Amino acid sequence: MAETHVLFVEDDDVIREATQLALERDGFVVTAAPDGLTGLERFRADRPDIALLDVMVPGLDGVSLCRRIRDESTVPVIMLSARADSIDVVLGLEAGADDYVTKPFDGAVLVARIRAVLRRFGHASGAGGGAARGPAEAPGAREGGGPVLRFGDLEVDPEGMEVRRAGAQVALTPTEMRLLLEFSAAPGTVLSRDRLLERVWDYGWGGDTRVVDVHVQRLRGKIGQDRIETVRGFGYKLRG
């Protein structure tokens, strides 16, 4: 199995060096950067499998760096924040991050979260920076595969991992795609935030539902605000 390459952007020398050593002991290849601009340069040069970005880094802060990475790639991003109740968490998720970890963190917890993200990404969108897919096939049943699912003007191809809205291809991050697949597998069924955390984020122990809420909002912006309905007090459902 190919080694997993991690980009780690952190300005605190002690945290950066200790975390790099801990990740390397667990078999990861780590490129560490002390600021956002250096991190962006290393990202473009090395095309890592996953990026760990501290929110408060100099030069180019972690949220802005996440946006720059997301403009170029679907590689998974985990934000690191010292303030769990801060707006920084939501800003990082809105910028395109897939998850976040609160500082100070236990090394084993960080490794577990990294591996959970890589599992749901299939470790396929990392090296190479999540290159774009080729042209989508025509709507309908795919040759040798399952049918394309249709919800109004929305078409979801679960096997081709492609989405179209009114005939135009929709670019989703892998996390957004997994979220949409959960909804499209059970249209009209209310899915709780806890279930989505477990199925999409691999959180068997629960987690911060802000991760779900922000990703649902991002997904709505791409497939239509009315396509996913909020069922207050219960969760969300996809309208058929």
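Just so it is clear, the model here is predicted, and its values are computed rather than measured. (Residues numbered from 1 in each chain as written. Predicted model: local features only at pLDDT ≥ 70, side-chain atom pairs only at ≥ 80, totals over all residues. Heavy atoms only, no water.)

**Here's the deal with helix α5 (residues 107-121)**
- Compared with an ideal rise of 1.5 Å per residue, which puts 15 residues at 21 Å, α5 spans 21 Å between its outermost C-alpha atoms and is within 8% of the ideal.
- By the burial criterion, the buried members of α5 are L110, V111, R113, I114, A116, V117, L118, R120 and F121.
- Contacts made by the buried residues of α5 are with α1 (13-25), β3 (50-54), β4 (77-81), β5 (99-102), α6 (174-184) and α7 (193-200).
- With a side-chain oxygen positioned 2.8 Å from the backbone nitrogen of A108, the residue opening α5 is D106.
- Trailing α5 by a residue or two, G122 shows a phi angle of about 65°, which is positive. (Helix = DSSP H or I, 4+ residues; strand = E, 2+ residues; numbered from the N terminus. Expected span 1.5 Å × (residues − 1). Buried < 20%, exposed > 50% of the residue type's maximum accessible area, 1.4 Å probe, protein only. Contact = heavy atoms within 4.5 Å. Polar contact = N/O pair within 3.5 Å; in protein donor to acceptor, adjacent residues only side chain to side chain.)

**With respect to the sheet that holds strand β2 (residues 29-33)**
- Strand order across the open sheet formed by five strands is β2-β1-β3-β4-β5, with parallel pairing between neighbours. Each of the sheet's edge strands pairs with one partner strand only, and the pair in question is β2 and β5. Neighbour-to-neighbour, the strand axes of the sheet open up by a mean angle of 20°, direction not taken into account.
- One ladder, built from five bridges, connects strand β1 (residues 5-9) with β2; its direction is parallel. Its bridge partner being in β2, L7 is matched across the sheet by T31. (Pairing = 2+ DSSP bridges. Axes fitted to C-alpha atoms, helices over the stretch in contact; angles between N-to-C directions.)

**Things to note about the sheet that holds strand β8 (residues 162-165)**
- Read across the sheet, four strands follow the order β6-β7-β8-β9 without closing on themselves; strand pairing throughout is antiparallel. Both edges of this open sheet fall to β6 (149-151) and β9 (168-170), since each of them pairs with a single strand only. For this sheet, the mean inter-axis angle between neighbouring strands, taken without regard to orientation, is 25°.
- Note: β8 against β9, three bridges, orientation antiparallel. Note that in β9 the partner of R164 across the bridge is Q169.

**Digging into the packing of α6 against helix α8 (residues 210-223)**
- Running from amino to carboxyl end, α6 crosses α8 at an angle of 85°, the nearest separation of the two axes being 10 Å. The pairing of α6 with α8 is recorded here as roughly perpendicular in orientation. Contacts between α6 and α8 pair T175, E176, L179, L180 and F183 from the former with H215, V216, R218, L219, K222 and I223 from the latter.
- Residues that form the contact of α6 with α8 fall into these classes: six nonpolar, two polar and three charged. (Parallel < 35°, antiparallel > 145°, perpendicular 65-115°, else oblique. Nonpolar A, V, L, I, M, F, W, Y, C, P; charged D, E, K, R; others polar.)

**Some thoughts on the pairing of strand β7 (residues 154-157)**
- Covered by surrounding structure in β7 are L154 and V156 together with E155 and D157, the residues of both alternating faces.
- In this sheet, β7 lies alongside β6 in antiparallel orientation, the contact comprising three bridges. Its bridge partner lying in β7, R150 is registered against E155.
- Counting the residues in the hairpin turn of β6 and β7 gives two residues, including G152, whose phi is positive at 65°.
- As defined by bridge partners, β7 adjoins β8 across four bridges and the pair is classed as antiparallel. Paired with V156 across the bridge in β8 is V163.
- Taking the residues between adjacent antiparallel strands as the criterion, β7 and β8 are bridged by four residues, where M161 takes a positive phi near 55°.

**Re the pairing of β4**
- Of all the five residues making up β4, five are buried; the element is thus mostly covered by neighbouring parts of the structure.
- What you see with β4 is no split at all: V77, M79 and S81 on one side and I78 and L80 on the other are buried throughout.
- Relative to β4, β3 runs parallel, the two sharing four bridges. If you follow L53 over to β4, its bridge partner there is M79.
- Handedness of the crossover joining β3 and β4 through helix α3 (residues 62-72): right-handed.
- Bridge count for β4 against β5 is four bridges, and the pairing is parallel. Note that in β5 the partner of S81 across the bridge is T102. (Right-handed = clockwise from strand over helix to strand, strands pointing away.)

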